[in-house]
Amino acid sequence: MKPRTLRSHLTWIIAIIALIPIVLLGSIQVVQIYQLSQEYTRNQLDSMKRMADAVETYVFYHRTAVETIAADIASTPDRDPRRITSLLQSVNGHFAGFTTLYATDREGRTIAYHSKAQQGLIHADFHDRDYFQQVAATRSPTISPVFLSQEKPAKPLITIAVPILYTSGHFAGSVIGTLDVSQVVKLVTQYDYGPSAYPVVLDNRGKAIYHPDASIRTVIRDLSDEEVVKAARENGQGLGTFYSGIRKQDELVAYHVIPDLDWIVWVSKSTSAVNAAFFKSLESSSLLIVLTLLVTLGIGAFLAKRHAELEQRVDRLKNDLISLASHEFKTPITSIKGSVETLLRRDAQWDEEFKRELLEGVHEDIGRIQELIDEWLDISKIESGVLHVSLEPLRVRPIVEEAWRRLPKAQQEAAVFEANIPPHLPLIHGDKNRLEQVLVNLYTNALRYNQQQPHIRVTATCDERFVHIRVEDNGIGIADDHLDKIFDRFYRVDVTASRLTGGTGLGLAISKGIMEAHRGRIAVESKEGTGSAFTLSVPLYSLHDGDNDEETQNFDRG
């Protein structure tokens, strides 16, 4: 088969494989948009009902207050205007929605009042008002349609009129409360109805108590000819699509008639806005499919063309990784093999001191192999989020010094080690072995990447939360463009140098994971050619930590 034919087949296979999940995802997205549309409908109904309950409750509380005044006047023979005025004043002070409260006689003349406005009407005559005539005729409470106040700026008002009835049923007058429905507007507008949606409240005659168009509110426009109003009067409650004569568009409307008030409330949103998300999703999904197909065809062709080159690059990377790992294991294994072969020779007799020297070397090399294995296991635990630390109260100086003693004696003797740890430094909360592991790694790097006599200086300070252990060296330093990458696993500043000096590129990544498991951190400062300084920030130990110590704690990186 010719290479061009192979590339062509590979391109189409990639395109088909990519197209299948795109079509599936597009279909799922369409279904999800439809479900969201249904959910919006439910939310619109819920918002409408919540709004209706708030409006009804607000008016109900104020009507109850007026009924209480009427009952109190009817039950007391004393009709002293001063007592009634005091009663009106008390109620008016407790209900912010009232502007004025009146008490009238059976003829509709005012006998007492209390007003929050500048003046009241002590001699007002309500006998010709519709709501007074209705109260006198029906002997039951009534609520007037909305009207505008005379003051400026004008406020939308309603009146709540309640009859004063003696126990015999005799009509003795009325209590009339003028209620500012601006509070209703605040109740209605406090809810989030979603993008492009708006609420409307109409009184029992179809006049607008609230509508988002200010021009309608300022003149209290009659909206009883709207399609949704007719449907509400007929059905009481429902959801449907209606043409808005105000906004000249079709709208999805959830409506409800408040029974006790005969007011209509609804939440409306243009059908174009409701369907916009659905059609936009279809459009974007179709465009995504076409673009993805074209891009995939291009990528497939490019991948097919570069297939051989990529394979070569992958082989080089694989060989580099294998070379790095094999180099780290080869040196101690070769040393062990040579020592064992020497000891197994039958043609030579070795004295005990020489045998011991060889066995110590074997032991040291086995330890190096074990360290390499432990590093791979540690980085695996860190990546999977299951690195364990056993926390306890610790002193800093013993950890710093013990970590130095864990290095081979030859390395200790070849370097200058200086530990300036304050004697009264607070206790830290940490895992002794793990913290020593981090310090050993820092010491080893300071010795390994050094072109002069190594000088390591360890200091410690503390603040309110951490003890900061600073390890400074006089090594070759790290360039600025490498500083933010040296804690990445397998990252090495210089691969060639790493092969000469040893190292897997895991030490600093493991150190970072150990510090994060302690809820601490590790930071680095360095200048190329002059040395580096690593700072370990370990949390302080406090008394309550002792109550929560566990033998091991799980470190979850998520």
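Whatever comes next refers back to the structure up there.
Residues numbered from 1 in each chain as written. Predicted model: local features only at pLDDT ≥ 70, side-chain atom pairs only at ≥ 80, totals over all residues. Heavy atoms only, no water.

## So, the overall build of the protein
Within the protein, the regular secondary structure consists of 15 helices and 20 strands. Nonlocal contacts in the protein, meaning residues at least 24 apart in sequence, comprise 63% of its contacts between residues at least 6 apart. Accessible area for the protein stands at about 31,600 Å²; split by element, carbon and sulfur atoms hold 54% of it. (Helix = DSSP H or I, 4+ residues; strand = E, 2+ residues; numbered from the N terminus. Contact = heavy atoms within 4.5 Å. Areas by Shrake-Rupley, 256 points an atom, 1.4 Å probe, with all protein chains shown as cover.)

## Here's the deal with the nonpolar core
Among the nonpolar cores identified, the biggest contains 46 residues, and Val-396, Leu-439, Tyr-443, Ile-469 and Phe-534 are the most heavily contacted of them. Looking at this core element by element, the count peaks at eight residues for helix H12 (residues 432-448). Residues contacting Phe-534, with those up to four places away along its chain left out, are Leu-442, Ile-469, Arg-470, Val-471, Ile-478, Ile-486, Phe-487, Leu-508, Ile-522, Ala-523 and Val-524. Grouped together as the second largest cluster of nonpolar side chains are 45 residues, Ile-164, Ala-172, Val-188 and Ile-220 included. (Core = buried A, V, L, I, M, F, W, Y, C linked by side-chain atoms within 4.5 Å. Buried < 20%, exposed > 50% of the residue type's maximum accessible area, 1.4 Å probe, protein only.)

## A short note on the sheet that holds strand S9 (residues 237-244)
Strand order in this open sheet of five strands is S8-S7-S11-S10-S9, and the pairing throughout is antiparallel. Bordering the open sheet on either side are strand S8 (208-210) and S9, each of which pairs with just one other strand. Within this sheet the neighbouring strands show an average axis-to-axis angle of 30°, counted without direction. Pairing between strand S10 (residues 249-258) and strand S11 (residues 263-270): eight bridges, direction antiparallel. Within S11, the position partnered with Ile-258 by the bridge is Trp-263. Its contacts with the sheet put helix H4 (residues 182-189) on strand S7 (198-202) and S8, and the angle it makes with S8 is roughly 60°. (Pairing = 2+ DSSP bridges. Axes fitted to C-alpha atoms, helices over the stretch in contact; angles between N-to-C directions.)

## Re the pairing of strand S18 (residues 521-527)
Burial along S18 is one-sided: Ile-522, Val-524 and Ser-526 are buried, and none of Arg-521, Ala-523, Glu-525 and Lys-527, which face the opposite way, are. Sheet topology note: the S18/strand S19 (residues 531-539) ladder contains seven bridges and is antiparallel. Residue Ser-526 lies in a different strand from S19, and its bridge partner there is Ser-532. The turn joining S18 and S19, which pair antiparallel and follow one another in sequence, is formed by three residues; a positive phi near 95° is taken by Gly-529.

## Re unusual backbone geometry
We note that Arg-139 has phi near 55°; this positive angle belongs to a residue other than glycine. Structurally, the position occupied by Arg-139 is in the loop between helix H3 (130-138) and strand S3 (142-143).

## As for helix H14 (residues 507-517)
Counted residue by residue, H14 has nine buried out of eleven residues, so it is predominantly covered. Considered for burial, the residues of H14 that qualify are Gly-507, Leu-508, Ala-509, Ile-510, Ser-511, Gly-513, Ile-514, Met-515 and Ala-517. Downstream of H14 by a residue or two, Arg-519 has a phi angle that is positive, lying close to 60°.

## Remarks on the packing of H12 against H14
Packed helix pairs are characterised by how far apart their axes lie and by the angle those axes make with each other. Two numbers describe how H12 lies on H14: the axes approach to 10 Å, and their chain directions differ by 150°. With respect to H14, the element H12 is oriented roughly antiparallel. Both H12 and H14 take part in a crossing whose hand is left-handed. Taking contact as the criterion, the partners of Arg-434, Leu-435, Gln-437, Val-438, Asn-441, Leu-442 and Asn-445 in H12 are, on H14, Gly-507, Leu-508, Ile-510, Ser-511, Ile-514 and Met-515. Along the lines of polarity and charge, the residues of the contact of H12 with H14 split into seven nonpolar, five polar and one charged. (Parallel < 35°, antiparallel > 145°, perpendicular 65-115°, else oblique. Left-handed = near helix turned anticlockwise from the far one by under 90°. Nonpolar A, V, L, I, M, F, W, Y, C, P; charged D, E, K, R; others polar.)

## Description of the pairing of strand S1 (residues 98-105)
Among the eight residues in S1, eight count as buried, and that is most of the element. Two elements, S1 and strand S6 (residues 171-180), share seven bridges in a ladder whose sense is antiparallel. In the strand pairing of S6, Asp-105 is matched with Gly-173. The pairing of S1 with strand S2 (residues 110-115) spans five bridges and is antiparallel. By the bridge assignment for S2, Tyr-102 is matched with Tyr-113. With antiparallel pairing between neighbouring strands as the criterion, S1 and S2 make up a hairpin whose turn holds four residues, including Gly-108 at a positive phi of roughly 90°.

## Looking at empty space enclosed by the protein
Scanning all chains against the criterion turns up one cavity of 30 Å³ or more. Considering only enclosed or pocket space, the largest cavity measures out at about 80 Å³ in volume. Along its surface, the largest cavity is lined by 13 residues, and Glu-226, Val-228, Ser-244, Glu-251 and Trp-266 are the ones closest to its centre. In terms of residue class, the lining of the largest cavity is made up of seven nonpolar, three polar and three charged. (1 Å grid on protein atoms, 1.4 Å probe; cavity = no way out; pocket = protein on both sides within 12 Å on 5 of 7 lines; lining within 4 Å. Points joined across faces, edges and corners; volume = space filled by probe spheres on them.)

## Comments concerning the side chain of Ser-47
In this structure, Ser-47 sits in helix H1 (residues 3-75). Not counting the four nearest positions on each side in its chain, Ser-47 is found in contact with Asp-192, Tyr-193 and Val-267.

## What about the environment of Ser-86?
Along the chain, the position of Ser-86 falls in helix H2 (residues 81-94). Each C-alpha atom of the pair Ser-86 and Tyr-113 lies 9.0 Å from the other, and the pair is 27 residues apart in sequence.

## Regarding the packing of aromatic side chains
Considering all chains together, one arrives at twelve aromatic pairs under this definition. With a centroid separation of 4.3 Å and an interplanar angle of 10°, the aromatic rings of Trp-404 and Phe-417 are classed as stacked. In this pair, Trp-404 is assigned in helix H10 (residues 396-405) and Phe-417 in strand S14 (residues 416-420), connecting sequence segments 13 residues apart. Owing to a relative accessible area of 23%, Phe-417 belongs among the partly exposed residues under this scheme. Stacked on the ring of Tyr-198, the Lys or Arg Arg-247 has its end atom at 4.0 Å from the ring centre. Lying across the ring of Phe-466, Arg-521 places its NZ or CZ 4.7 Å from the centre. (Phe/Tyr/Trp six-rings, centres within 6.5 Å; stacked < 30°, edge-to-face > 60°. Lys NZ or Arg CZ within 6 Å of the ring centre and 35° of its normal.)

## Regarding the pattern of salt bridges
Evaluated as defined, the whole model comprises 17 salt bridges. Its salt-bridge partner being Glu-67, residue Arg-63 comes within 3.9 Å of it at the nearest N-O pair. With Arg-63 and Glu-67 both in helix H1, this residue pair falls four residues apart, about one helical turn. Classification of Glu-67 as partly exposed rests on a relative accessible area of 30%. Put simply, Arg-83 and Asp-72 hold a salt bridge, and the shortest N to O gap is 3.2 Å. With Arg-83 in helix H2 and Asp-72 in helix H1, this residue pair connects regions lying eleven residues apart in the sequence. Here the salt bridges share partners, and the residues they tie into one network are Glu-418, Arg-457, Arg-470, Glu-472 and Glu-525. (Salt bridge = Lys/Arg side-chain N within 4 Å of Asp/Glu carboxyl O.)

## Some remarks on the sheet that holds S18
Taken together, the five strands give an open sheet; going across it, the order is S14-S16-S17-S19-S18, and neighbouring strands pair in mixed fashion. Each having just a single partner strand, S14 and S18 make up the two edges of the open sheet. Taking each pair of neighbouring strands and ignoring which way they run, the sheet shows an average axis angle of 15°.

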